[in-house]
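If you want the building blocks of each chain, they are given just below.
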Amino acid sequence: MDRRTSADNAAAPLPRAATKSVAETLLSNDLLEAVPDAVVAVDGSGQILQVNSQAERLFGYSKGELVGQSVERLVPARLRPAHRDHREGFARQTRNRPMGAGLELYGMRRDGSEFPVEISLSPLPMENGRLILSAIRDISPRKKIEEELRKANEELDQRVAERTSELEQTAAELRARIVLHEEAECQLRRSEERFRLLVEGVIDYCIVMVDPEGKVVSWNKGAERTYGLVADEIIGRDLCCSYTADDVEAGVPAQEIKLAQTDGRLEKECWRVKKGGSRFWANVVMTALRDETDRLNGFSLIVRDMTDWYKLQEQVRQAQKLDAIGRLAGGVAHDFNTCL
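Predicted model only: the values in this text are computed from it and were never measured. (Residues numbered from 1 in each chain as written. Predicted model: local features only at pLDDT ≥ 70, side-chain atom pairs only at ≥ 80, totals over all residues. Heavy atoms only, no water.)

Asker: Just checking my understanding: could you explain the layout of surface pockets for this structure?
Answerer: A water-sized probe rolled over the atoms picks out the places where empty space is left. Considered as a void within the structure, the largest pocket measures approximately 460 Å³ in volume. Counting residues per element, the ones that place at least two in the lining of the largest pocket are β1 (38–42), α6 (80–92), β3 (105–108), β4 (114–126) and β5 (129–138). Broken down by element, the residue count for the lining of the largest pocket peaks at five residues, all from α6. Tallied by class, the residues present in the lining of the largest pocket amount to 16 nonpolar, four polar and three charged. (1 Å grid on protein atoms, 1.4 Å probe; cavity = no way out; pocket = protein on both sides within 12 Å on 5 of 7 lines; lining within 4 Å. Points joined across faces, edges and corners; volume = space filled by probe spheres on them. Helix = DSSP H or I, 4+ residues; strand = E, 2+ residues; numbered from the N terminus. Nonpolar A, V, L, I, M, F, W, Y, C, P; charged D, E, K, R; others polar.)

In structure tokens:
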């Protein structure tokens with residue numbers, strides 16, 4: 001059998017009665033409505049002959065607004081000249097064109113909005129020419145996904161390149177840090193030792209370190225001298241053991257820690273308790289200690305025994321009171337003598 005026989009038979013015109021019957025059948029509403037895609041049937045001149053309800057929903061026109069109109073009505077204005085030329089060329093050399101032919105095609109809705117489409121073309125012989133059935137599919141969701149994937153791939157490539165550059169830079173920095181690591185550790189140990197000796201050598205001031213929960217973690221010689229407690233007796237205990245019972249009952253320790261944490265620093269004069277229960281008047285400076293990430297590491301307390309100064313101030317206040325009373329008495333006596 002000649003290989004061209006099937007193609008020649010497909011191109012050969014059907015008998016008039018058969019052609020009319022096929023066209024009428026294809027243009028019947030029941031058949032067009034069974035197609036899931038939007039279907040627009042046009043004649044050789046591009047005039048719309050029939051549409052299904054899917055086409056009405058897709059383009060926003062009613063059937064009455066489309067039938068008898070040029071198919072270019074459904075094409076964006078910027079693409080109409082090219083579409084007209086393409087349609088006329090297709091009419092001269094008709095052939096089936098399946099969906100996804102690799103063409104960038106767009107439709108236009110009644111409101112003027114454009115959207116990407118895929119169109120299959122099926123030419124069918126009619127009594128007085130050819131009928132072209134266009135199945136139109138909105139591919140906006142697919143285009144959106146493809147665009148998102150494209151952007152995601154570009155972003156991924158960019159991130160990979162940036163990350164690679166960062167890793168190379170980090171590796172170089174790590175190599176440099178390894179060279180300086182031992183020296184830095186040695187310097188840190190020396191610095192810590194100097195700081196420890198400095199703190200422990202201070203005996204006029206109490207230098208105390210507490211953790212964020214208020215537990216004592218460091219206790220210098222000055223604190224031992226002032227409070228009468230050696231480091232082993234206080235480290236690990238709550239700082240509230242150095243407050244008066246009235247302050248503890250009133251929740252003062254927690255209040256001071258909260259204020260120091262919020263404001264960064266707290267300074268006050270108040271009563272503190274030594275070992276054995278005796279009290280002393282203290283000047284207290286509490287400072288919040290934070291690292292470079294602003295994370296709270298604990299608090300430092302600088303405490304000084306101000307009892308002698310407090311007693312002196314009390315004596316001054318008593319002397320001022322006696323002086324004021326003496327002046328008042330002298331004034332009253334003077335007024336009394338004047339009256340006499």
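Asker: Help me understand the pattern of salt bridges in this model?
Answerer: It is possible for side chains of opposite charge to pair when their charged atoms get near one another. One pass over the full model with this rule turns up 21 salt bridges. Between R137 and D37 there is a salt bridge, and its shortest N-O distance comes to 2.9 Å. In this pair, R137 sits in strand β5 while D37 sits in the loop between α3 (29–33) and β1, placing the two residues 100 residues apart along the sequence. Under the relative-accessibility criterion, D37 is labelled buried at 13%. Here the salt bridges do not stand alone but share partners, grouping E118, R142 and E146 into one network. (Salt bridge = Lys/Arg side-chain N within 4 Å of Asp/Glu carboxyl O. Buried < 20%, exposed > 50% of the residue type's maximum accessible area, 1.4 Å probe, protein only.)

Asker: So what exactly am I meant to see when it comes to the pairing of strand β7 (residues 216–219) here?
Answerer: Residues in a regular strand point their side chains to alternate faces of the sheet. Of the pairings in the sheet, the one linking strand β6 (residues 206–210) to β7 comprises three bridges and is antiparallel in character. Of the residues in β7, the one forming a bridge with M209 is S218. From the end of β6 to the start of β7, which pair antiparallel, there are five residues, and G214 there has a positive phi angle of about 95°. (Pairing = 2+ DSSP bridges.)

Asker: When you look at the sheet that holds β1 in this model, what are you seeing that I'm missing?
Answerer: Pairing between the strands of a sheet comes from backbone hydrogen bonds, and it takes one of two forms, parallel or antiparallel. Taken in spatial order, the five strands line up as β2-β1-β5-β4-β3 in an open sheet, and their pairing is antiparallel. Edge positions in the open sheet fall to β2 (48–51) and β3, since each of these has one partner strand only. Sheet twist, expressed as the average angle between the axes of neighbouring strands with direction ignored, equals 40°. Sheet topology note: the β3/β4 ladder contains four bridges and is antiparallel. In the sheet register, Y106 faces β4, and the bridge partner there is P116. (Axes fitted to C-alpha atoms, helices over the stretch in contact; angles between N-to-C directions.)

Asker: What is the right way to read the packing of aromatic side chains from this model?
Answerer: Where two aromatic rings form a pair, the distance of their centres and the angle of their planes describe that pair. Under the counting rule described, the total for this entry stands at four aromatic pairs. Between Y227 and F280, the aromatic rings sit 5.4 Å apart at their centres with planes inclined by 80°, giving edge-to-face as the arrangement. With a gap of 53 residues between them, Y227 in helix α8 (residues 221–227) and F280 in strand β9 (residues 279–290) connect regions that are remote in the sequence. Both residues of the pair, Y227 and F280, belong to the buried class. Taking the centre distance of 5.0 Å and the plane angle of 75° together, the rings of W271 and W281 count as edge-to-face. Of this pair, W271 sits in strand β8 (residues 265–273) while W281 sits in strand β9; the two residues are 10 residues apart in sequence, bridging distant segments of the chain. With a relative accessible area of 13%, W281 lands in the buried category. Between the NZ or CZ atom of R279 and the centre of the ring of W271, over which it lies, the distance is 4.4 Å. (Phe/Tyr/Trp six-rings, centres within 6.5 Å; stacked < 30°, edge-to-face > 60°. Lys NZ or Arg CZ within 6 Å of the ring centre and 35° of its normal.)

Asker: Looking at this structure, how should I read the sheet that holds β9?
Answerer: If you walk across this open sheet you meet the five strands as β7-β6-β10-β9-β8, and the pairing is antiparallel. The open sheet has two edge strands with one neighbour each: β7 and β8. Sheet twist, expressed as the mean angle between neighbouring strand axes with direction ignored, is 25°. Packed on one face of the sheet, helix α11 (residues 252–263) meets β8, β9 and β10 (296–305) and runs near 160° to β8. (Contact = heavy atoms within 4.5 Å.)

Asker: Would you mind going over empty space enclosed by the protein with me for this structure?
Answerer: Evaluated as defined, the whole model comprises one cavity of 30 Å³ or more. As a volume, the largest cavity reaches approximately 50 Å³. Lining the largest cavity are V208, W219, Y227, L239, S242, Y243, R272, V284, L301 and V303. For the lining of the largest cavity, a count of residues per class yields eight nonpolar, one polar and one charged.

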